[in-house]
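# A look at the structure
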Amino acid sequence: MNTAGHSEATARRGLELTPFRGLRYDPDRVGSLASVTSPPYDVVVRPDGLYHLQSADPHNIVRLILPQADTPSARNEQAAETLRRWLAEGILAADPDPALYVYEQRDGNGMLQRGVIGALRVSEPSEGVVLPHEDVMPPVVADRAALMRATRANLEPLLLTYRGNGGAAEVVERTAARPPLLATTTEDGFHHTLWAVTDPADVSRIQSDLAHHQALIADGHHRWATYRRLRAEHPSPSPWDHGLVLLVDTARYPLRVRAIHRLLHSLPVADALAAVDGLFRVRHLDEAPLAEALEALADAACAGNAFLLAGDGAFHLIDRPDPDLLARTIPADRPAAWRSLDATVLHATLLDHVWHIPEDSPAHIAYIHDTAATVAKAEQDGGTAVLMHPVREEVVRDLARQGVTMPRKSTSFGPKPASGLVLRALEI
């Protein structure tokens, strides 16, 4: 994203990535490296996925990123105590030298992604260095901040993308030809490999290349907002000036963009459909399997806003919203690309005005990445699954460059880094 439209401030000071002494599991002290990893905290489908990960290994990283106790303060203290105990017992240990880490993910279908993990200087949006594209929910930022304060650690890297194909890419490719620090295959079929970059010349080459670039937050808006909050709380210089990230050069390794679906806990499908009658076109996809229903959603999305409702054992496609309804409910002071987003129509029109669902209330709405899990939980709970069609990556980047944020949880970029392969303790 090194474009001529950069401000002078961005050109003067771009991405600043710093080596750190990574905390990593001792493979001799755990069942396996795969058994202690987890998806990012907000991808774990709770409670089923949480219980599954907790039972996979007593030292699974989920006990740090999603601690379980009766109160928020008790949860955070539990995570801090667990981290202290694992360090004392040697379950987790710091690498001897500061390093940047090359991280590779492969699946069995030819997908390959490589990037660099490091401690990135935390910057403000006005600097134009790290571009958010989604709004955040303040309660989630407060929750993550409290956990980071208690543990004094960045427990999982967020995912950033940039357009480079320069010196950093050369170091990444050369490093990936060497024997790795670790390699493991997780139950989802992804093979994960990690290398340390400690040679000063290689580190400098990566840093010099990144200094000319800006990055887009692909996954981790709430954690980035948390980094900013914690940096503001601590006088600089301090370890809070930096946060743990994975930077992927999408000029070489394009990410996949998927939708994040909504589960409306207290809204039965029949009520949801009754409320949209006359406002959207409704088509009932009788006995259609999930794959076929998603194809119908993709076809409808080519012509305009479309959503797939589920939860009653069937799929219901709603599309062609009433133009007058959109004109009344969607703010007119935003770019046309923003006004036409499915997520905008969902939040501004359907959630706010038609269904009256508060979007920031976990009691009313959940955000789930897995399509089948969203449908299953809706059927189990008697709620409504709202399945979304993914937005194109170029739309995301264009809005981010304009400084326009999309509705929260609008996109899911992937593959996401596994949590538990390398952590950053602020005082090591």
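Residues numbered from 1 in each chain as written. Predicted model: local features only at pLDDT ≥ 70, side-chain atom pairs only at ≥ 80, totals over all residues. Heavy atoms only, no water.

## Focus on the pattern of salt bridges
Scanning the entire structure with this criterion turns up 25 salt bridges. Residue glutamate 233 pairs with arginine 149 through a salt bridge whose shortest N-O separation is 2.7 Å. In this pair, glutamate 233 sits in helix 8 (residues 221–233) while arginine 149 sits in helix 5 (residues 138–151), placing the two residues 84 residues apart along the sequence. Owing to a relative accessible area of 38%, glutamate 233 belongs among the partly exposed residues under this scheme. Taking relative accessible area as the criterion, arginine 149 reaches 34% and is therefore assigned partly exposed. Beyond isolated ion pairs, a larger network of salt bridges with shared partners links Glu104, Arg106, Arg114, Glu173 and Arg252. (Salt bridge = Lys/Arg side-chain N within 4 Å of Asp/Glu carboxyl O. Helix = DSSP H or I, 4+ residues; strand = E, 2+ residues; numbered from the N terminus. Buried < 20%, exposed > 50% of the residue type's maximum accessible area, 1.4 Å probe, protein only.)

## Thoughts on the packing of aromatic side chains
The full count for this structure, using the stated rule, is four aromatic pairs. When the centroid spacing of 6.1 Å and the interplanar angle of 50 degrees are considered together, the rings of tyrosine 25 and tryptophan 86 count as tilted. One end of the pair, tyrosine 25, is in strand 2 (residues 23–25); the other, tryptophan 86, is in helix 4 (residues 72–89), with 61 residues separating them in the sequence. The pair formed by tyrosine 25 and tryptophan 86 is uniform in burial state, with each residue classed as buried. Ring centres 6.0 Å apart and planes at 70 degrees place the aromatic pair tryptophan 224 and tyrosine 227 in the edge-to-face group. Linking tryptophan 224 with tyrosine 227, this pair stays in helix 8, spanning three residues, or about one helical turn. For the pair formed by tryptophan 224 and tyrosine 227, the shared burial category is buried. The lysine or arginine in question, arginine 144, covers the ring of tyrosine 41, its NZ or CZ lying 4.0 Å from the ring centre. (Phe/Tyr/Trp six-rings, centres within 6.5 Å; stacked < 30°, edge-to-face > 60°. Lys NZ or Arg CZ within 6 Å of the ring centre and 35° of its normal.)

## Brief notes about unusual backbone geometry
As a rule of thumb, non-glycine residues mostly have phi less than zero, and peptide bonds are mostly trans rather than cis. Serine 236 connects to proline 237 through a cis peptide bond whose omega is 0 degrees. You can see proline 237 is positioned in the loop between helix 8 and strand 12 (242–249). The step from glycine 414 to proline 415 runs through a cis peptide bond, and the omega angle for that step is 5 degrees. Assignment of secondary structure puts proline 415 in the loop between strand 20 (412–414) and strand 21 (424–425). At asparagine 165, a residue that is not glycine, the phi angle is positive and equals roughly 65 degrees.

## Remarks on the packing of helix 9 (residues 269–276) against helix 13 (residues 342–355)
Where helix 9 meets helix 13, the closest approach of the two axes is 11 Å, and the angle between their N-to-C directions is 95 degrees. The orientation of helix 9 with respect to helix 13, classified from their angle, is roughly perpendicular. Where helix 9 abuts helix 13, its residues Ala272, Ala275 and Val276 lie against Leu350, Val354 and Trp355. The residue inventory of the contact of helix 9 with helix 13, partitioned by class, reads six nonpolar, no polar and no charged. (Axes fitted to C-alpha atoms, helices over the stretch in contact; angles between N-to-C directions. Parallel < 35°, antiparallel > 145°, perpendicular 65-115°, else oblique. Contact = heavy atoms within 4.5 Å. Nonpolar A, V, L, I, M, F, W, Y, C, P; charged D, E, K, R; others polar.)

## Re the pairing of strand 19 (residues 384–387)
Where burial is concerned, the two faces of strand 19 agree: the one with Thr384 and Val386 and the one with Ala385 and Leu387 are both buried. In the sheet, strand 14 (residues 261–264) pairs with strand 19 via three bridges, with the strands oriented antiparallel. Bridge pairing in strand 19 places leucine 264 opposite threonine 384. Inspection of the sheet shows strand 16 (residues 306–310) paired to strand 19 by three bridges, in the antiparallel sense. (Pairing = 2+ DSSP bridges.)

## Considerations on empty space enclosed by the protein
Under the defined criterion, the tally for this structure stands at four cavities of 30 Å³ or more. The computed volume of the largest cavity comes to approximately 130 Å³. In terms of lining, the largest cavity is formed by 15 residues, of which the most central are Asp42, Glu134, Gly220, His221 and Lys409. Within the residue set of the lining of the largest cavity, elements represented by two or more residues are strand 11 (215–219) and helix 8. With three residues, helix 8 is the single largest residue contributor to the lining of the largest cavity. (1 Å grid on protein atoms, 1.4 Å probe; cavity = no way out; pocket = protein on both sides within 12 Å on 5 of 7 lines; lining within 4 Å. Points joined across faces, edges and corners; volume = space filled by probe spheres on them.)

## Comments concerning the side chain of arginine 114
With respect to the helices and strands, arginine 114 occurs in strand 5 (residues 112–121). By relative accessible area, which is 11% here, arginine 114 ends up buried. Side chain to side chain, arginine 114 and glutamate 173 meet in a polar contact 2.7 Å long. Here the side chain of arginine 114 touches tyrosine 253 through a polar contact of 3.3 Å, side chain to side chain. (Polar contact = N/O pair within 3.5 Å; in protein donor to acceptor, adjacent residues only side chain to side chain.)

## Let's talk about the pairing of strand 11
Of all five residues in strand 11, five are buried, a share of seventy percent or more. Pairing of strand 6 (residues 130–131) with strand 11 involves two bridges; the strand directions are parallel. Looking at the pairing, leucine 131 lines up with leucine 216 of strand 11. Across three bridges, the pairing between strand 8 (residues 158–162) and strand 11 is antiparallel. Directly across from leucine 159, in strand 11, lies its bridge partner aspartate 219.

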